[in-house]
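One-letter residues, chain by chain:
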Amino acid sequence: METAMKATRLSNFVGGVWRASEAREVLPVPNPATEEVLAEVPLSTGNDVDAAVSAAVQAFAGWSEVPVVERARLLFRFRELLVRDLHSLARTLTQENGKTLKEAEAEIWRGIEVVEFAAGMPHLIKGEITPQVSRGIDMELVRMPVGVVAGITPFNFPVMVPLWMLPLALGAGNTFVLKPSERTPLSATRLAELLTEAGFPEGVFNLVHGGKEVVSRLLEHPDVHAVSFVGSQPVAETVYRTAAARGKRVQALAGAKNHHIVLQDAHLAKSVQNVASSAFGCAGQRCMAGSVVVVEEAVADRFLASLGKAADEICVGNGLEEGIEQGPLIRSEHREKVLNKIEEGVKEGAVLFRDGRDEQAKQEKGYFLGPTILDRVRPEMAVVREELFAPVLSVIRVKDLTEALEVVNRSRFGNAAVLYTESGESARRFREEVQAGMLGINVGVPVPSAFFPFSGWKQSFYGDLHANGRDAIEFYTKKKMVTSRWFGSEEESPKAGR
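Just so it is clear, the model here is predicted, and its values are computed rather than measured.

Conventions used here
- Residues numbered from 1 in each chain as written.
- Predicted model: local features only at pLDDT ≥ 70, side-chain atom pairs only at ≥ 80, totals over all residues.
- Heavy atoms only, no water.
- Helix = DSSP H or I, 4+ residues; strand = E, 2+ residues; numbered from the N terminus.
- Rg over C-alpha atoms; globule rule 2.2 N^0.38 Å.
- Contact = heavy atoms within 4.5 Å.
- Areas by Shrake-Rupley, 256 points an atom, 1.4 Å probe, with all protein chains shown as cover.
- Pairing = 2+ DSSP bridges.
- Axes fitted to C-alpha atoms, helices over the stretch in contact; angles between N-to-C directions.
- Patch = residues over 30% accessible without salt bridge, like charges linked within 9 Å, V, L, I, M, F, W, Y side chains within 5 Å.
- Salt bridge = Lys/Arg side-chain N within 4 Å of Asp/Glu carboxyl O.
- Disulfide = S-S within 2.5 Å.
- Buried < 20%, exposed > 50% of the residue type's maximum accessible area, 1.4 Å probe, protein only.
- Polar contact = N/O pair within 3.5 Å; in protein donor to acceptor, adjacent residues only side chain to side chain.
- Core = buried A, V, L, I, M, F, W, Y, C linked by side-chain atoms within 4.5 Å.
- Arc of directions from axis to C-beta.
- Expected span 1.5 Å × (residues − 1).
- Parallel < 35°, antiparallel > 145°, perpendicular 65-115°, else oblique.
- Nonpolar A, V, L, I, M, F, W, Y, C, P; charged D, E, K, R; others polar.

Colleague: Would you mind going over the overall build of the protein chain with me for this structure?
Modeller: For the protein chain, the count of helices and strands is 17 helices and 22 strands. What you see for the protein chain is a C-alpha radius of gyration of 25 Å, in line with the 23 Å of a compact globule of 498 residues. Long-range contacts, defined as pairs at least 24 residues apart, comprise 72% of the intrachain contacts of the protein chain with a sequence gap of at least 6. Accessible area for the protein chain stands at about 21000 Å²; split by element, carbon and sulfur atoms hold 50% of it.

Written out as structure tokens, the structure reads:
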């Protein structure tokens, strides 16, 4: 099967065919580990968006009438193709994103879990009925698709995040326009090919590459009825305000600054292992990364010594190579921004316990930063307040759980929080008092399964209905309430008694 990715310049996928964008401007797509240019991605125009939305509108009437069981069968087929091409898709993902092959395959499996959940759509969109709410009157709730849905996805999970959206939206009878990150467009291109091979009709799924102009047009387009977004906090807030002001449904998953609390009764070795994996896995470029660890002073020195050894053992390099445990950052400009933040933290009084900045010198090319640990950080410092999206861990020392919870709850983000302890009492208090939507107790990356919502709080989420789980079914469907009464023959009708 010939793929669109063989072309130097990527195309959009509109109405079931690959179309060249009107764009005059293109961006290179480098492998962040080698700097080799993999492709060029067009910065598509508003006209390109209009064509994709028009195709989605035209396809909606027919697709929404396809029996839900048939839509589910297509999702089953799509799932099998993802499994079939798992290794080749993971390789593409690693080349454009930089994460290791192991991390890439784990990401794809997470996406497959959502496809499996969405394949249960015949059950998930069942309505409700209450007969005889009054004499001879029945009341029924029916779920209907929303219409055209736009998905705007980030670079850090270029397969999983689109799969948070596509299967559920399509399974519920909507049509879709995807705007993937211009930094990682190759995985999305491959998803379009697999959806076509699975048998999804023309126009049901559309793909438009680009940047801000594409996003703006999708948010403003009158024929886009819902927007699902994952990205940074400032952009998420803009997406939410812009789209919601135009009457669209919006779920905007934003940034994070996840805190891990380590109490003195925690299992030290396992806590260190979990913190290191959470902080430095995927090069810290994930919204579930543990980027701040809050440690009870009584155990802080021992914990930090063990954590430093664990960080020293992490092998950094090209994610395609055997034995590599951490890849590069996505771009050189992002690396420079992170380096400046590290330096700013040191100037504010943080102690550079482990310096990962010299990792770049060990590599021939690429945008590398090794595991970096800042000790004796204070909550008001920028390295704690801001999302760095990098393998940089800030350590805050506290006297007890009470102070630890105060530190965590000061954050403007509330995506995830983790507690390491062997005390059920402490765990229960943590569950009740911490202000975050996804909690881990001795679990470093507490990502919910597909059948539960991805439920960030505070400035980590904008909207009412989260991604995945029952929230997603609510988001991708709208309700009709039917109140019905059936009269009998003329003789039995009310007129007959007059």
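Anyway, onward from the coordinates.
Colleague: Got a minute to help me understand the sheet that holds strand E16 (residues 392–398) in this structure?
Modeller: Adjacent strands of a sheet pair through backbone hydrogen bonds, lying either parallel or antiparallel. Read from one edge to the other, the open sheet built from seven strands follows the order E14-E15-E16-E13-E12-E18-E19, with strand pairing classed as mixed. Edge positions in the sheet fall to strand E14 (351–354) and strand E19 (438–441), since each has one partner strand and no second. Averaged over all neighbouring strand pairs, the angle between strand axes comes to 25°, with direction disregarded. As paired strands, strand E12 (residues 258–262) and strand E18 (residues 416–420) are joined by four bridges and run parallel to one another. Looking at the pairing, Ile261 lines up with Leu419 of E18. Sheet strands touched by helix H15 (residues 401–409): E12, strand E13 (290–296), E16 and E18. Its angle to E12, the strand with the most contacts, is close to 175°.

Colleague: In this structure, what is going on with a nonpolar patch on the surface? I would like to understand it.
Modeller: Together, Val133, Met139 and Met481 line one region of the surface with nonpolar side chains, adding up to about 260 Å² of accessible area. Here Met481 shows up in strand E22 (residues 477–485).

Colleague: Looking at this structure, I do not really get the state of the cysteines. What am I missing?
Modeller: Put plainly, two cysteines are in a disulfide when a covalent bond ties their sulfur atoms together. Tallying each qualifying case throughout the model produces zero disulfides. We note that Cys282 lacks a disulfide partner, and the nearest cysteine sulfur, in Cys287, lies 11 Å from it. Residue class for Cys282 comes out buried when judged on its relative accessible area of 9%.

Colleague: Is there a simple way to explain the pattern of salt bridges in this structure?
Modeller: Oppositely charged side chains are able to pair whenever their charged atoms sit close together. Scanning the entire structure with this criterion turns up 27 salt bridges. Residues Asp50 and Arg217 are paired through a salt bridge, measuring 2.7 Å at the closest nitrogen-oxygen approach. Placement of Asp50 in helix H1 (residues 46–65) and of Arg217 in helix H8 (residues 212–220) is noted, with a sequence separation of 167 residues between them. Asp50 sits in the partly exposed class, given a relative accessible area of 26%. A salt bridge links Glu432 to Arg431; its shortest N-O distance comes to 2.8 Å.

Colleague: How should the side chain of Thr477 be read in this particular structure?
Modeller: As for its placement among the helices and strands, Thr477 is situated in strand E22. On the accessibility criterion, Thr477 (2% relative accessible area) is buried. Polar contacts involving the side chain of Thr477 include one to the main-chain carbonyl oxygen of Ile473, which spans 2.6 Å. Filtering out sequence-adjacent residues up to four positions away, Thr477 remains in contact with Ile125, Arg143, Met144, Val146, Ala172 and Arg249.

Colleague: What is the right way to look at the nonpolar core in this model?
Modeller: The tendency in soluble globular proteins is for nonpolar side chains to be buried as a group. Counting 67 residues, the largest nonpolar core has Phe78, Trp164 and Phe200 as its most contacted members. For this core, the element with the most residues is helix H6 (residues 160–171), which contributes nine residues. Contact partners of Phe78, with chain neighbours within four places excluded, come to Val115, Leu163, Leu191, Leu194, Leu195, Ala198 and Phe200. The next biggest cluster of nonpolar side chains, apart from the first, holds 32 residues, and it includes Ile261, Val338, Ala350 and Ala404.

Colleague: How should I be thinking about unusual backbone geometry in this particular structure?
Modeller: Glycine aside, residues mostly have negative phi, and peptide bonds are mostly found in the trans state. Not every positive phi belongs to a glycine, and Ala283 is a case in point at roughly 55°. Within the secondary structure, Ala283 is located in the loop between helix H10 (268–280) and E13. The residue Asn442 is not glycine, and still its phi comes out positive at about 60°. In this structure, Asn442 sits in the loop between E19 and strand E20 (457–458).

Colleague: Help me understand H8, please; the structure alone is not making it clear to me.
Modeller: Note on helix geometry: an α-helix contains 3.6 residues per turn, so any two residues three or four positions apart are oriented the same way. Within the span of H8, buried status applies to Val214, Val215, Leu218 and Leu219. Relative to the axis of H8, the buried residues are bounded by an arc of 130° and lie together on one face. Packed against the buried residues of H8 are H1, strand E7 (148–152), strand E8 (175–179), strand E10 (226–230) and helix H9 (233–244).

Colleague: What am I meant to see in the sheet that holds strand E6 (residues 137–145) here?
Modeller: With respect to topology, three strands assemble into an open sheet ordered E5-E6-E22, the strand pairing being antiparallel. Unpaired on one side and paired on the other, strand E5 (128–134) and E22 mark the two borders of the sheet. Going from strand to strand, the sheet's axes swing by 25° on average, the running direction of each strand aside. One ladder, built from nine bridges, connects E6 with E22; its direction is antiparallel. Bridge assignment links Met139 to a residue of E22, and that residue is Thr483.

Colleague: It is not clear to me how helix H7 (residues 186–198) should be interpreted in this structure. Could you clarify?
Modeller: Between the first and last C-alpha of H7 there are 19 Å, a value that for 13 residues agrees with the 18 Å anticipated at 1.5 Å per step. For H7, the tally of buried residues reaches eleven of 13 residues, placing the bulk of the element in the interior. Of all the positions in H7, only Leu186, Ser187, Ala188, Thr189, Arg190, Leu191, Ala192, Glu193, Leu194, Leu195 and Ala198 are classed as buried.

Colleague: Would you mind going over the packing of helix H2 (residues 68–84) against H6 with me for this structure?
Modeller: When two helices pack together, their arrangement is given by the angle between the helix axes and by the axis-to-axis distance. The N-to-C vectors of H2 and H6 enclose an angle of 155°; their axes lie 9 Å apart at closest approach. Accordingly, the angle class assigned to the pair H2 and H6 is roughly antiparallel. The residues of H6 that touch H2, namely those facing Val68, Arg71, Leu75, Phe78 and Leu82, are Leu163, Pro167, Leu170 and Gly171. Taken together, the residues that form the contact of H2 with H6 break down as seven nonpolar, one polar and one charged.

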